[in-house]
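One letter stands for each residue in the lines below.
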Amino acid sequence: MSLALTPLPRRVAALAPALSVVAVPAVLALPLTPDGAGPADVLSGLVVVYCVIRLLRERRRPLSPTAALILGLPVVGLALAAMGAFSPQAGFAGLGRYLQTFVLVPAAVLLLLRDRTGFRMVAWSFVGVGLCQGAIGVHQFVTRTGASYQGENIRAVGTFGPHDVMGMATTVSLGLVCAAGIALGRVSVRQRVIAVGCALVLLLPLALSFSRGAWIATVLTCTVQLVLAGLRRALKVAGAAIAAGVILVGGFGVGSALLQQRIDSIAQVTDAPDQSVVDRYTLWASATDIWRQHPLTGVGLKGFPEYRDGHATLALSSGSETDGAGMAYQRQPLLSPHNMYLLVLSEQGLIGLLGLAGSWLALLVCGVRRLLRARDRGQGLDCGLVACGLLVWLLTDFVYGDIGGPATVLIAIAMGLLAWWALADHGDAREDVPPGGVREPAEEALAR
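About the cut-offs
Residues numbered from 1 in each chain as written. Predicted model: local features only at pLDDT ≥ 70, side-chain atom pairs only at ≥ 80, totals over all residues. Heavy atoms only, no water. Helix = DSSP H or I, 4+ residues; strand = E, 2+ residues; numbered from the N terminus. Buried < 20%, exposed > 50% of the residue type's maximum accessible area, 1.4 Å probe, protein only. Contact = heavy atoms within 4.5 Å. Areas by Shrake-Rupley, 256 points an atom, 1.4 Å probe, with all protein chains shown as cover. Expected span 1.5 Å × (residues − 1). Axes fitted to C-alpha atoms, helices over the stretch in contact; angles between N-to-C directions. Left-handed = near helix turned anticlockwise from the far one by under 90°. Nonpolar A, V, L, I, M, F, W, Y, C, P; charged D, E, K, R; others polar. Salt bridge = Lys/Arg side-chain N within 4 Å of Asp/Glu carboxyl O. pLDDT = per-residue confidence, 0-100. Phe/Tyr/Trp six-rings, centres within 6.5 Å; stacked < 30°, edge-to-face > 60°. Pairing = 2+ DSSP bridges.

## With respect to the overall build of the chain
Item 1. The helix and strand inventory of the chain stands at 16 helices and four strands.
Item 2. The 448 residues of the chain split such that 51% are buried.
Item 3. Considering only contacts within the chain whose residues lie at least 6 apart along the sequence, 78% involve residues at least 24 apart.
Item 4. Total accessible area on the chain stands at roughly 19,800 Å², and carbon and sulfur atoms take up 66% of it.

Set out below in C-alpha coordinates:
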(Lines give C-alpha, C1' and ligand atoms only; values in the text may rest on other atoms or scores of the structure.)
Protein backbone atom coordinates (compact mmCIF):
# COMPACT_ATOMS: atom_id res chain seq x y z
CA MET A 1 0.00 0.00 0.00
CA SER A 2 1.51 3.30 -1.05
CA LEU A 3 0.98 6.50 0.87
CA ALA A 4 0.58 9.81 -0.83
CA LEU A 5 0.24 13.28 0.53
CA THR A 6 -3.08 14.91 -0.10
CA PRO A 7 -2.42 17.75 -2.57
CA LEU A 8 -3.11 21.25 -1.36
CA PRO A 9 -5.95 23.13 -3.00
CA ARG A 10 -4.75 24.83 -6.13
CA ARG A 11 -5.43 28.26 -4.67
CA VAL A 12 -3.27 27.65 -1.59
CA ALA A 13 -0.52 26.11 -3.69
CA ALA A 14 -0.56 29.13 -5.97
CA LEU A 15 -0.14 31.47 -3.01
CA ALA A 16 2.66 29.45 -1.40
CA PRO A 17 5.52 31.57 -2.85
CA ALA A 18 3.91 34.78 -1.61
CA LEU A 19 3.18 33.22 1.79
CA SER A 20 6.87 32.40 2.19
CA VAL A 21 7.62 36.12 1.79
CA VAL A 22 4.79 37.11 4.15
CA ALA A 23 6.31 34.91 6.85
CA VAL A 24 9.37 37.16 7.12
CA PRO A 25 7.57 40.33 8.31
CA ALA A 26 5.24 38.18 10.40
CA VAL A 27 8.18 36.95 12.50
CA LEU A 28 8.93 40.55 13.52
CA ALA A 29 5.53 40.70 15.21
CA LEU A 30 6.73 38.15 17.77
CA PRO A 31 7.96 39.45 21.15
CA LEU A 32 11.62 38.77 20.40
CA THR A 33 14.65 40.99 20.87
CA PRO A 34 17.49 38.94 19.42
CA ASP A 35 21.14 39.93 19.31
CA GLY A 36 22.88 39.59 15.99
CA ALA A 37 21.11 37.58 13.29
CA GLY A 38 17.54 37.01 14.46
CA PRO A 39 14.75 34.69 13.30
CA ALA A 40 13.64 37.10 10.58
CA ASP A 41 17.17 37.20 9.12
CA VAL A 42 17.37 33.41 9.15
CA LEU A 43 13.94 33.13 7.56
CA SER A 44 14.89 35.61 4.83
CA GLY A 45 17.85 33.38 4.01
CA LEU A 46 15.53 30.38 3.79
CA VAL A 47 13.29 32.35 1.43
CA VAL A 48 16.27 32.85 -0.88
CA VAL A 49 17.03 29.12 -0.76
CA TYR A 50 13.37 28.31 -1.40
CA CYS A 51 13.40 30.63 -4.41
CA VAL A 52 16.47 28.88 -5.86
CA ILE A 53 14.83 25.47 -5.40
CA ARG A 54 11.68 26.61 -7.17
CA LEU A 55 13.71 28.00 -10.05
CA LEU A 56 15.54 24.70 -10.45
CA ARG A 57 12.31 22.69 -10.30
CA GLU A 58 10.45 24.91 -12.73
CA ARG A 59 13.50 25.47 -14.95
CA ARG A 60 12.77 29.16 -15.11
CA ARG A 61 15.18 31.87 -16.16
CA PRO A 62 16.33 33.52 -12.92
CA LEU A 63 16.17 37.21 -13.88
CA SER A 64 15.76 39.30 -16.98
CA PRO A 65 18.95 41.05 -18.15
CA THR A 66 17.56 44.42 -17.04
CA ALA A 67 16.64 43.14 -13.56
CA ALA A 68 20.00 41.41 -13.17
CA LEU A 69 21.84 44.60 -14.13
CA ILE A 70 19.86 46.89 -11.82
CA LEU A 71 19.90 44.58 -8.80
CA GLY A 72 23.54 43.65 -9.42
CA LEU A 73 24.86 47.22 -9.61
CA PRO A 74 25.94 47.35 -5.92
CA VAL A 75 27.95 44.11 -6.09
CA VAL A 76 31.17 45.58 -7.53
CA GLY A 77 31.47 48.28 -4.89
CA LEU A 78 30.58 45.83 -2.13
CA ALA A 79 33.21 43.33 -3.27
CA LEU A 80 35.92 46.00 -3.36
CA ALA A 81 34.92 47.34 0.06
CA ALA A 82 34.85 43.81 1.52
CA MET A 83 38.39 43.16 0.30
CA GLY A 84 39.51 46.47 1.83
CA ALA A 85 37.96 45.78 5.25
CA PHE A 86 40.22 45.95 8.30
CA SER A 87 39.56 42.26 9.03
CA PRO A 88 38.18 39.33 7.00
CA GLN A 89 35.43 38.79 9.58
CA ALA A 90 34.24 42.41 9.30
CA GLY A 91 34.35 42.26 5.51
CA PHE A 92 32.39 39.02 5.36
CA ALA A 93 29.76 40.22 7.86
CA GLY A 94 29.28 43.54 6.09
CA LEU A 95 29.13 41.91 2.67
CA GLY A 96 26.49 39.45 3.85
CA ARG A 97 24.30 42.19 5.31
CA TYR A 98 24.42 44.38 2.21
CA LEU A 99 23.83 41.48 -0.18
CA GLN A 100 20.92 40.29 1.95
CA THR A 101 19.30 43.74 2.05
CA PHE A 102 19.83 45.06 -1.45
CA VAL A 103 20.51 42.08 -3.74
CA LEU A 104 19.53 38.56 -2.66
CA VAL A 105 16.26 39.06 -0.77
CA PRO A 106 14.92 41.66 -3.26
CA ALA A 107 15.72 39.29 -6.14
CA ALA A 108 13.97 36.42 -4.34
CA VAL A 109 10.87 38.53 -3.71
CA LEU A 110 10.85 39.62 -7.35
CA LEU A 111 10.92 35.98 -8.49
CA LEU A 112 8.48 34.58 -5.93
CA LEU A 113 5.66 37.10 -6.37
CA ARG A 114 3.55 36.15 -9.38
CA ASP A 115 0.67 38.63 -9.33
CA ARG A 116 -0.86 41.60 -7.58
CA THR A 117 -2.62 39.33 -5.10
CA GLY A 118 0.72 38.15 -3.74
CA PHE A 119 2.01 41.72 -3.67
CA ARG A 120 -0.99 42.86 -1.63
CA MET A 121 -0.55 40.00 0.82
CA VAL A 122 2.99 41.17 1.57
CA ALA A 123 1.86 44.81 1.80
CA TRP A 124 -0.86 43.87 4.31
CA SER A 125 1.72 41.90 6.30
CA PHE A 126 3.70 45.15 6.66
CA VAL A 127 0.54 46.81 7.99
CA GLY A 128 -0.06 43.91 10.37
CA VAL A 129 3.41 43.89 11.89
CA GLY A 130 3.24 47.69 12.19
CA LEU A 131 -0.01 47.42 14.14
CA CYS A 132 1.42 44.74 16.44
CA GLN A 133 4.58 46.67 17.22
CA GLY A 134 2.62 49.92 17.45
CA ALA A 135 0.19 48.46 19.98
CA ILE A 136 3.10 47.40 22.17
CA GLY A 137 4.64 50.85 21.78
CA VAL A 138 1.46 52.67 22.82
CA HIS A 139 1.16 50.37 25.84
CA GLN A 140 4.73 51.27 26.77
CA PHE A 141 3.93 54.96 26.62
CA VAL A 142 0.72 54.67 28.65
CA THR A 143 2.25 52.42 31.33
CA ARG A 144 5.64 54.19 31.28
CA THR A 145 7.49 50.97 30.50
CA GLY A 146 9.12 52.15 27.28
CA ALA A 147 12.64 53.38 26.58
CA SER A 148 13.97 56.34 28.49
CA TYR A 149 13.24 59.75 26.99
CA GLN A 150 14.13 62.90 28.93
CA GLY A 151 14.20 61.00 32.20
CA GLU A 152 10.92 59.14 31.71
CA ASN A 153 10.37 55.64 30.33
CA ILE A 154 7.81 56.72 27.76
CA ARG A 155 9.46 56.22 24.35
CA ALA A 156 7.62 53.63 22.27
CA VAL A 157 10.10 51.04 20.97
CA GLY A 158 7.97 47.89 20.68
CA THR A 159 9.86 44.63 21.11
CA PHE A 160 13.07 46.10 19.67
CA GLY A 161 14.28 47.47 23.00
CA PRO A 162 16.02 50.75 23.89
CA HIS A 163 19.19 49.78 22.00
CA ASP A 164 17.24 49.88 18.70
CA VAL A 165 14.88 52.84 19.04
CA MET A 166 14.50 53.08 15.27
CA GLY A 167 13.21 49.51 14.95
CA MET A 168 9.60 50.20 15.87
CA ALA A 169 9.60 53.57 14.12
CA THR A 170 10.72 51.89 10.88
CA THR A 171 8.20 49.07 11.21
CA VAL A 172 5.28 51.39 11.95
CA SER A 173 6.27 53.85 9.22
CA LEU A 174 6.53 51.19 6.51
CA GLY A 175 3.18 49.78 7.59
CA LEU A 176 1.63 53.24 7.41
CA VAL A 177 3.07 53.82 3.92
CA CYS A 178 1.60 50.50 2.74
CA ALA A 179 -1.79 51.32 4.26
CA ALA A 180 -1.78 54.75 2.63
CA GLY A 181 -0.94 53.25 -0.76
CA ILE A 182 -3.76 50.72 -0.51
CA ALA A 183 -6.22 53.39 0.65
CA LEU A 184 -5.37 55.57 -2.33
CA GLY A 185 -5.62 52.72 -4.85
CA ARG A 186 -8.53 51.35 -6.82
CA VAL A 187 -9.29 48.26 -4.76
CA SER A 188 -12.54 47.28 -3.06
CA VAL A 189 -14.26 49.80 -0.81
CA ARG A 190 -13.84 47.44 2.16
CA GLN A 191 -10.08 47.27 1.65
CA ARG A 192 -9.81 51.02 1.30
CA VAL A 193 -11.81 51.66 4.47
CA ILE A 194 -9.71 49.17 6.45
CA ALA A 195 -6.50 50.66 5.04
CA VAL A 196 -7.54 54.21 6.01
CA GLY A 197 -8.37 53.01 9.52
CA CYS A 198 -5.03 51.24 9.87
CA ALA A 199 -3.13 54.29 8.64
CA LEU A 200 -4.87 56.54 11.15
CA VAL A 201 -4.21 54.09 13.99
CA LEU A 202 -0.52 53.87 13.07
CA LEU A 203 -0.13 57.64 13.39
CA LEU A 204 -0.22 57.37 17.19
CA PRO A 205 2.67 54.91 17.71
CA LEU A 206 4.67 56.75 15.06
CA ALA A 207 4.27 59.96 17.04
CA LEU A 208 5.17 58.22 20.30
CA SER A 209 8.37 56.80 18.80
CA PHE A 210 9.79 60.37 19.00
CA SER A 211 11.79 59.62 15.86
CA ARG A 212 12.30 62.82 13.92
CA GLY A 213 13.74 61.05 10.89
CA ALA A 214 10.76 58.70 10.65
CA TRP A 215 8.34 61.63 10.96
CA ILE A 216 9.99 63.56 8.15
CA ALA A 217 10.23 60.52 5.87
CA THR A 218 6.59 59.53 6.47
CA VAL A 219 5.17 63.01 5.88
CA LEU A 220 7.18 63.41 2.67
CA THR A 221 6.28 59.93 1.41
CA CYS A 222 2.56 60.27 2.06
CA THR A 223 2.62 63.66 0.32
CA VAL A 224 4.24 62.08 -2.74
CA GLN A 225 1.69 59.25 -2.69
CA LEU A 226 -1.16 61.73 -2.52
CA VAL A 227 0.19 63.69 -5.47
CA LEU A 228 0.66 60.54 -7.56
CA ALA A 229 -2.81 59.23 -6.70
CA GLY A 230 -4.71 62.27 -7.92
CA LEU A 231 -6.20 65.43 -6.44
CA ARG A 232 -9.57 64.09 -5.21
CA ARG A 233 -8.09 61.18 -3.28
CA ALA A 234 -5.36 63.48 -1.98
CA LEU A 235 -7.84 65.90 -0.46
CA LYS A 236 -9.91 63.15 1.19
CA VAL A 237 -6.97 61.34 2.80
CA ALA A 238 -5.17 64.54 3.79
CA GLY A 239 -8.30 65.76 5.54
CA ALA A 240 -8.69 62.49 7.43
CA ALA A 241 -5.04 62.48 8.50
CA ILE A 242 -5.17 66.08 9.72
CA ALA A 243 -8.35 65.38 11.66
CA ALA A 244 -6.80 62.32 13.28
CA GLY A 245 -3.71 64.29 14.24
CA VAL A 246 -5.79 67.06 15.80
CA ILE A 247 -7.86 64.55 17.78
CA LEU A 248 -4.92 62.47 19.00
CA VAL A 249 -2.56 65.29 19.91
CA GLY A 250 -4.87 68.26 20.42
CA GLY A 251 -8.03 66.65 21.71
CA PHE A 252 -6.58 63.94 23.91
CA GLY A 253 -3.27 65.71 24.57
CA VAL A 254 -1.26 62.60 23.68
CA GLY A 255 2.25 63.73 24.54
CA SER A 256 1.55 67.15 23.03
CA ALA A 257 4.24 69.04 24.96
CA LEU A 258 6.91 66.42 24.32
CA LEU A 259 5.94 66.13 20.66
CA GLN A 260 6.08 69.87 20.18
CA GLN A 261 9.49 70.01 21.82
CA ARG A 262 10.73 67.17 19.60
CA ILE A 263 9.38 68.85 16.47
CA ASP A 264 10.99 72.15 17.41
CA SER A 265 14.36 70.40 17.88
CA ILE A 266 14.43 69.48 14.18
CA ALA A 267 15.24 73.08 13.30
CA GLN A 268 17.58 73.68 16.25
CA VAL A 269 20.87 73.07 14.46
CA THR A 270 22.71 76.24 15.41
CA ASP A 271 20.44 77.54 18.17
CA ALA A 272 21.11 75.39 21.26
CA PRO A 273 20.69 71.94 19.65
CA ASP A 274 20.36 68.90 21.89
CA GLN A 275 23.29 66.45 22.19
CA SER A 276 21.76 63.95 19.76
CA VAL A 277 21.74 66.61 17.04
CA VAL A 278 25.31 67.61 17.89
CA ASP A 279 26.43 63.98 17.71
CA ARG A 280 24.67 63.46 14.39
CA TYR A 281 26.29 66.40 12.66
CA THR A 282 29.67 65.59 14.17
CA LEU A 283 29.42 62.03 12.84
CA TRP A 284 28.42 63.35 9.43
CA ALA A 285 31.48 65.60 9.36
CA SER A 286 33.68 62.68 10.43
CA ALA A 287 32.32 60.44 7.67
CA THR A 288 32.86 63.15 5.08
CA ASP A 289 36.43 63.65 6.23
CA ILE A 290 37.08 59.90 6.06
CA TRP A 291 35.77 59.82 2.49
CA ARG A 292 38.01 62.70 1.42
CA GLN A 293 41.04 60.62 2.38
CA HIS A 294 39.71 57.44 0.69
CA PRO A 295 37.56 58.78 -2.16
CA LEU A 296 37.20 55.79 -4.52
CA THR A 297 36.86 52.64 -2.42
CA GLY A 298 36.48 53.96 1.13
CA VAL A 299 37.98 52.35 4.23
CA GLY A 300 36.22 48.99 3.83
CA LEU A 301 33.03 47.49 5.18
CA LYS A 302 32.52 47.94 8.94
CA GLY A 303 35.46 50.35 8.92
CA PHE A 304 33.76 53.56 10.06
CA PRO A 305 34.10 52.87 13.83
CA GLU A 306 37.83 52.24 13.40
CA TYR A 307 38.43 55.62 11.74
CA ARG A 308 35.75 57.70 13.46
CA ASP A 309 37.73 59.04 16.42
CA GLY A 310 40.63 60.11 14.22
CA HIS A 311 38.34 62.45 12.31
CA ALA A 312 35.74 63.52 14.91
CA THR A 313 35.84 66.74 16.93
CA LEU A 314 35.62 67.02 20.71
CA ALA A 315 31.90 67.82 20.39
CA LEU A 316 31.17 64.11 19.85
CA SER A 317 29.97 62.34 22.99
CA SER A 318 31.33 58.94 24.01
CA GLY A 319 28.05 57.20 23.20
CA SER A 320 24.29 57.32 23.43
CA GLU A 321 22.49 56.50 26.67
CA THR A 322 19.93 53.70 26.65
CA ASP A 323 17.62 52.70 29.46
CA GLY A 324 14.14 51.35 30.11
CA ALA A 325 11.93 48.88 28.21
CA GLY A 326 13.10 46.06 30.47
CA MET A 327 16.84 46.76 30.13
CA ALA A 328 19.36 48.29 32.48
CA TYR A 329 21.13 51.57 31.81
CA GLN A 330 24.06 51.40 29.42
CA ARG A 331 26.00 53.55 26.98
CA GLN A 332 26.00 52.46 23.37
CA PRO A 333 28.97 53.35 21.19
CA LEU A 334 28.21 55.39 18.07
CA LEU A 335 29.25 52.94 15.36
CA SER A 336 27.81 54.65 12.30
CA PRO A 337 27.24 58.21 11.05
CA HIS A 338 23.44 57.66 11.15
CA ASN A 339 23.28 58.57 7.48
CA MET A 340 23.19 55.75 4.94
CA TYR A 341 24.73 57.78 2.15
CA LEU A 342 27.66 58.97 4.25
CA LEU A 343 28.13 55.47 5.69
CA VAL A 344 28.41 54.02 2.17
CA LEU A 345 30.58 56.91 1.03
CA SER A 346 33.05 56.50 3.91
CA GLU A 347 33.22 52.69 3.77
CA GLN A 348 32.72 52.00 0.04
CA GLY A 349 33.75 55.26 -1.57
CA LEU A 350 32.33 56.72 -4.76
CA ILE A 351 32.29 53.34 -6.48
CA GLY A 352 30.07 51.83 -3.80
CA LEU A 353 27.76 54.84 -3.53
CA LEU A 354 27.27 55.07 -7.29
CA GLY A 355 26.43 51.36 -7.42
CA LEU A 356 23.85 51.46 -4.64
CA ALA A 357 22.37 54.85 -5.51
CA GLY A 358 22.29 53.93 -9.21
CA SER A 359 20.32 50.79 -8.42
CA TRP A 360 17.85 52.71 -6.23
CA LEU A 361 17.41 55.47 -8.81
CA ALA A 362 16.82 52.99 -11.63
CA LEU A 363 14.20 51.17 -9.56
CA LEU A 364 12.48 54.44 -8.70
CA VAL A 365 12.37 55.63 -12.32
CA CYS A 366 11.03 52.31 -13.60
CA GLY A 367 8.53 52.12 -10.75
CA VAL A 368 7.15 55.64 -11.24
CA ARG A 369 6.83 55.13 -15.02
CA ARG A 370 4.82 51.96 -14.46
CA LEU A 371 2.73 53.67 -11.77
CA LEU A 372 1.73 56.45 -14.16
CA ARG A 373 0.69 53.88 -16.75
CA ALA A 374 -1.28 51.96 -14.10
CA ARG A 375 -3.08 55.15 -13.06
CA ASP A 376 -4.19 55.71 -16.64
CA ARG A 377 -5.35 52.09 -17.08
CA GLY A 378 -7.03 51.91 -13.69
CA GLN A 379 -5.34 48.65 -12.62
CA GLY A 380 -2.68 48.07 -9.97
CA LEU A 381 -2.52 51.68 -8.77
CA ASP A 382 -2.40 50.59 -5.13
CA CYS A 383 0.59 48.33 -5.79
CA GLY A 384 2.45 51.14 -7.53
CA LEU A 385 1.74 53.61 -4.73
CA VAL A 386 2.92 51.11 -2.12
CA ALA A 387 6.09 50.16 -4.01
CA CYS A 388 7.17 53.69 -4.90
CA GLY A 389 6.15 54.97 -1.47
CA LEU A 390 8.35 52.42 0.26
CA LEU A 391 11.41 53.50 -1.71
CA VAL A 392 10.71 57.21 -1.22
CA TRP A 393 10.45 56.57 2.53
CA LEU A 394 13.71 54.64 2.59
CA LEU A 395 15.61 57.19 0.50
CA THR A 396 14.41 59.97 2.82
CA ASP A 397 15.01 58.08 6.04
CA PHE A 398 18.52 57.15 4.88
CA VAL A 399 19.43 60.81 5.42
CA TYR A 400 18.82 60.27 9.16
CA GLY A 401 19.61 56.58 9.60
CA ASP A 402 21.16 53.48 8.09
CA ILE A 403 20.68 49.73 8.02
CA GLY A 404 21.14 47.62 11.12
CA GLY A 405 19.03 45.67 13.61
CA PRO A 406 16.15 43.23 13.11
CA ALA A 407 14.03 45.73 11.15
CA THR A 408 16.60 45.71 8.34
CA VAL A 409 14.91 42.63 6.92
CA LEU A 410 11.81 44.76 6.29
CA ILE A 411 13.94 47.06 4.15
CA ALA A 412 15.03 44.03 2.12
CA ILE A 413 11.42 42.92 1.57
CA ALA A 414 10.42 46.50 0.70
CA MET A 415 13.17 46.62 -1.93
CA GLY A 416 11.82 43.35 -3.29
CA LEU A 417 8.30 44.76 -3.58
CA LEU A 418 9.63 47.70 -5.54
CA ALA A 419 11.75 45.40 -7.73
CA TRP A 420 8.66 43.31 -8.54
CA TRP A 421 6.61 46.37 -9.39
CA ALA A 422 9.36 48.03 -11.45
CA LEU A 423 10.93 45.04 -13.21
CA ALA A 424 8.52 42.08 -13.33
CA ASP A 425 6.49 41.24 -16.43
CA HIS A 426 2.98 42.52 -15.64
CA GLY A 427 1.14 41.22 -18.69
CA ASP A 428 -2.46 42.36 -18.22
CA ALA A 429 -3.84 39.16 -19.70
CA ARG A 430 -2.26 37.02 -17.03
CA GLU A 431 -1.28 39.48 -14.31
CA ASP A 432 -3.74 38.23 -11.74
CA VAL A 433 -3.76 34.60 -12.85
CA PRO A 434 -1.54 32.67 -10.42
CA PRO A 435 0.08 29.34 -11.27
CA GLY A 436 -2.71 26.76 -11.33
CA GLY A 437 -5.04 28.81 -13.50
CA VAL A 438 -7.33 30.29 -10.83
CA ARG A 439 -8.26 33.78 -11.99
CA GLU A 440 -9.13 36.54 -9.55
CA PRO A 441 -12.18 38.74 -10.12
CA ALA A 442 -11.39 41.85 -12.07
CA GLU A 443 -10.42 44.83 -9.95
CA GLU A 444 -13.28 46.81 -11.37
CA ALA A 445 -15.71 44.18 -10.09
CA LEU A 446 -14.03 44.19 -6.69
CA ALA A 447 -14.48 47.92 -6.40
CA ARG A 448 -18.27 47.68 -6.81
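Right, picking up where we left off after that structure.
## Brief notes about the environment of V47
Item 1. Structurally, V47 can be placed in helix α2 (residues 39-58).
Item 2. Linking V47 and V21, residues 26 residues apart in sequence, is a C-alpha distance of 6.8 Å.

## Examining unusual backbone geometry
Item 1. Unlike most non-glycine residues, F210 shows phi in positive territory, near 55°.
Item 2. Given the relative accessible area of 0%, F210 is considered buried.
Item 3. Even without being a glycine, H338 presents a positive backbone phi close to 55°.
Item 4. Within the secondary structure, H338 is located in the loop between β4 (327-332) and α13 (340-377).
Item 5. By relative accessible area, H338 is classed as partly exposed at 30%.

## Notes on helix α8 (residues 212-229)
Item 1. An ideal rise of 1.5 Å per residue puts 26 Å on 18 residues; α8 measures up with 26 Å between its terminal C-alpha atoms.
Item 2. Turning to α8, its buried residues number three or more, namely R212, G213, A214, W215, A217, T218, T221, C222, Q225, L226, L228 and A229.
Item 3. Positioned one or two residues after α8, G230 has a phi angle of 120°, which is positive.

## Digging into the packing of α8 against helix α14 (residues 381-397)
Item 1. Closest axis-to-axis distance for the α8/α14 pair is 8 Å, and the angle between their directions is 145°. Every pair of crossing elements has a handedness; the one defined by α8 and α14 is right-handed. Judged by residue contacts, G213, A214, I216, A217, T218, L220, T221, V224, Q225, L228 and A229 of α8 engage L385, V386, G389, V392, W393, T396 and D397 from α14.
Item 2. Across the contact of α8 with α14, the residue classes break down as eleven nonpolar, six polar and one charged.

## A short note on the pattern of salt bridges
Item 1. Taken as a whole and assessed by the stated rule, the structure comprises five salt bridges.
Item 2. The closest approach of N and O atoms between R97 and D41, which form a salt bridge, is 3.0 Å. Of the two residues, R97 sits in helix α4 (residues 88-112) while D41 sits in helix α2, which places them 56 residues apart along the sequence.
Item 3. When its relative accessible area of 19% is taken as the criterion, R97 is described as buried.
Item 4. Of the charged contacts in the structure, one is a salt bridge between R144 and E152, with a shortest N-O distance of 2.4 Å.
Item 5. Each of the salt bridges in this network shares a partner with another, and the network as a whole consists of R54, E58 and R114.

## Overview of the confidence of the model for the chain
Item 1. Summing up the model confidence of the chain, the mean pLDDT is 82 and the portion of residues at 70 or higher is 78%.
Item 2. Counting interchain partners and residues more than four positions distant, the pLDDT-below-50 stretch residues 428-448 has 41 contacts.

## Considering the packing of aromatic side chains
Item 1. Here the structure, examined in full by the defined rule, presents seven aromatic pairs.
Item 2. Measuring from centroid to centroid gives 5.5 Å for F119 and W420, while their planes differ by 40°, and the two rings are tilted. Residue F119 is located in helix α5 (residues 116-143), and its partner W420 is located in helix α15 (residues 408-423); the two are separated by 301 residues in the primary sequence.
Item 3. What makes F119 buried here is its relative accessible area of 1%.
Item 4. With a relative accessible area of 2%, W420 lands in the buried category.
Item 5. Taken together, the ring pairs connect Y98, F102, Y341, W360 and F398 into an aromatic cluster.

## Details of the pairing of strand β2 (residues 152-155)
Item 1. Two elements, strand β1 (residues 147-149) and β2, share three bridges in a ladder whose sense is antiparallel. The residue bridging A147 from the neighbouring strand is R155, located in β2.
Item 2. Counted between consecutive antiparallel strands, the loop separating β1 from β2 contains two residues, among which Q150 sits at a positive phi close to 55°.

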